[in-house]
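Chain and residue survey
One-letter residues, chain by chain:
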Amino acid sequence: GESVGLHLPTLSVQEGDNSIINCAYSNSASDYFIWYKQESGKGPQFIIDIRSNMDKRQGQRVTVLLNKTVKHLSLQIAATQPGDSAVYFCAENEQDDYKLSFGAGTTVTVRA
Amino acid sequence: GAGVSQSPSNKVTEKGKDVELRCDPISGHTALYWYRQSLGQGLEFLIYFQGNSAPDKSGLPSDRFSAERTGGSVSTLTIQRTQQEDSAVYLCASSLGLGNNEQFFGPGTRLTVL
């Protein structure tokens, strides 16, 4: 697949504030998008996903927005907590494909 | 446990040696994936198994890399004649089936080639 990338490699946010993590993708055939959270020494953990027929999906304290026109994906975390400190990856694949293409990741640090 | 497990958690080897990395997927998951994560980078797809179908090896970086999945469950990733550039975290994931099913990741094996 084509590259999936993130706008910023690091994000520092005050505890209690909202966080926004951005991701740009280039593959117009991308059909499915996922956000993963990876804590130090652990494997990626699924946060939320969205299909290309949607532009917004909400979970618990998280919202994913998809703008297919500009090929942009974002993850919003409400009321950021210290436990949210991690590396966040966006990933995508094409319909009927199984291989995920990952971006390089954004490191989120929550300040107390 | 209910999650994907991998062993060993850490492996240090000398250049030129062969290594085997093991993955135990979640019970009932028919799809199994191997990825590689270099320091500070995203994940790079290596190989994919789905049921009894022939695996997709298109992500393997060289013929020194191979993988097997026995009995549709446990998988072993083998790297022959290791090189220093093989140093990375090797992650295994499994999912219920084809396509867009959520992939559950194991903790990874950190490989260091001296």
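Procedures and definitions
- Residues numbered from 1 in each chain as written.
- Chains lettered and ligands numbered in written order.
- Predicted model: local features only at pLDDT ≥ 70, side-chain atom pairs only at ≥ 80, totals over all residues.
- Heavy atoms only, no water.
- Helix = DSSP H or I, 4+ residues; strand = E, 2+ residues; numbered from the N terminus.
- Rg over C-alpha atoms; globule rule 2.2 N^0.38 Å.
- Buried < 20%, exposed > 50% of the residue type's maximum accessible area, 1.4 Å probe, protein only.
- Contact = heavy atoms within 4.5 Å.
- Areas by Shrake-Rupley, 256 points an atom, 1.4 Å probe, with all protein chains shown as cover.
- Lys, Arg positive; Asp, Glu negative; His and termini not counted.
- Charge placed at Lys NZ, Arg CZ, Asp CG, Glu CD.
- Buried area = accessible area lost by both parts, 1.4 Å probe.
- Salt bridge = Lys/Arg side-chain N within 4 Å of Asp/Glu carboxyl O.
- Polar contact = N/O pair within 3.5 Å; in protein donor to acceptor, adjacent residues only side chain to side chain.
- Nonpolar A, V, L, I, M, F, W, Y, C, P; charged D, E, K, R; others polar.
- Phe/Tyr/Trp six-rings, centres within 6.5 Å; stacked < 30°, edge-to-face > 60°.
- Pairing = 2+ DSSP bridges.
- Axes fitted to C-alpha atoms, helices over the stretch in contact; angles between N-to-C directions.
- Core = buried A, V, L, I, M, F, W, Y, C linked by side-chain atoms within 4.5 Å.

A separate point is the overall build of chain B. Looking only at helices and strands, one finds zero helices and ten strands in chain B. Walking chain B from its N terminus toward its C terminus, one meets helices and strands in the order β-β-β-β-β-β-β-β-β-β. Taking 13 Å as the expected radius of gyration for a compact globule of 114 residues, we find that chain B reaches 13 Å, a close match to that expectation. Along the longest, intermediate and shortest principal axes, the C-alpha atoms of chain B span 35 × 25 × 25 Å. The 114 residues of chain B split such that 49% are buried. Here the analysis covers contacts within chain B between residues at least 6 apart in sequence; of these, 55% occur between residues at least 24 apart. As presented, chain B carries roughly 5400 Å² of accessible surface, and 46% of it is formed by carbon and sulfur atoms. Computed over 10 positive and 11 negative side-chain charges, the separation of the two mean positions in chain B equals 4 Å.

What follows concerns the interface of chain A and chain B. Taken residue by residue, the interface counts 20 residues in chain A and 19 residues in chain B. Of all residues in chain A, A:Tyr98, A:Lys99 and A:Phe102 bury the most surface against chain B, accounting for 35% of the area lost on that side. Counting across the interface, chain A meets chain B through one salt bridge. We note a salt bridge from B:Asp56 to A:Lys99, for which the minimum N-O separation is 3.7 Å. Viewed at the interface, chain B and chain A are joined by five residue pairs in polar contact (both at pLDDT 80 or more). Of all the elements in the fold, those that place two or more residues in the side of chain A that touches chain B are β4 (30-38), β5 (45-51) and β9 (86-94) of chain A. No other element matches the four residues that β4(A) contributes to the side of chain A that touches chain B. Class assignment of the residues belonging to the side of chain A that touches chain B gives a composition of nine nonpolar, five polar and six charged.

All chains considered together, the criterion is met by twelve aromatic pairs over all chains. Counting every residue linked through ring pairs, the aromatic cluster contains A:Tyr36, A:Phe46, A:Phe89, A:Tyr98, A:Phe102, B:Tyr33, B:Tyr35, B:Phe45, B:Tyr48 and B:Phe105.

Time to look at unusual backbone geometry. Cis rather than trans, the peptide bond between B:Ser7 and B:Pro8 has omega equal to -10°. Structurally, B:Pro8 is set in the loop between β1 (5-7) and β2 (10-13). With phi around 55°, A:Lys71 is a residue other than glycine that occupies positive phi space. By the secondary structure assignment, A:Lys71 is in the loop between β7 (62-67) and β8 (72-77). Its identity as a non-glycine residue notwithstanding, B:Arg81 has a phi of 50°, on the positive side.

Turning our attention to the sheet that holds strand β6 (residues 65-69) of chain B. Residues and elements named next belong to chain B. A sheet is described by the order of its strands in space; here four strands give the open sequence β1-β3-β7-β6, paired in antiparallel fashion. What marks the edges here is a single partner per strand, and that holds for β1 and β6. Averaged over all pairs of adjacent strands, the angle between strand axes in this sheet comes to 15°, irrespective of strand direction. As paired elements, β1 and strand β3 (residues 19-24) share three bridges and run antiparallel to each other. Its bridge partner lying in β3, Ser5 is registered against Asp24.

Turning our attention to the nonpolar core. Core analysis: the biggest nonpolar cluster contains 20 residues, and B:Trp34, B:Leu46, B:Ile47, B:Leu77 and B:Tyr90 have the highest contact counts within it. Within the residue set of this core, elements represented by two or more residues are β3, β4 (31-37), β5 (43-50), β6, β7 (75-79), β8 (88-95) and β10 (109-113) of chain B. Once residues within four sequence positions are removed from consideration, B:Tyr90 is found in contact with B:Gln6, B:Leu21, B:Trp34, B:Tyr35, B:Arg36, B:Leu46, B:Phe65, B:Leu77, B:Ile79, B:Gly108, B:Thr109 and B:Leu111. Listed in part, the 19 residues of the second largest apolar core include A:Trp35, A:Ile50, A:Ala86 and A:Cys90.

To continue, consider the environment of A:Ala91. Residues and elements named next belong to chain A. By the element assignment, Ala91 lies in strand β9. Spatially, the C-alpha atom of Ala91 lies 10 Å from that of Ala24, the residues being 67 residues apart in sequence. What Ala91 contacts, discounting residues up to four positions off in sequence, is Tyr32, Phe33, Ile34, Leu100, Ser101 and Phe102.

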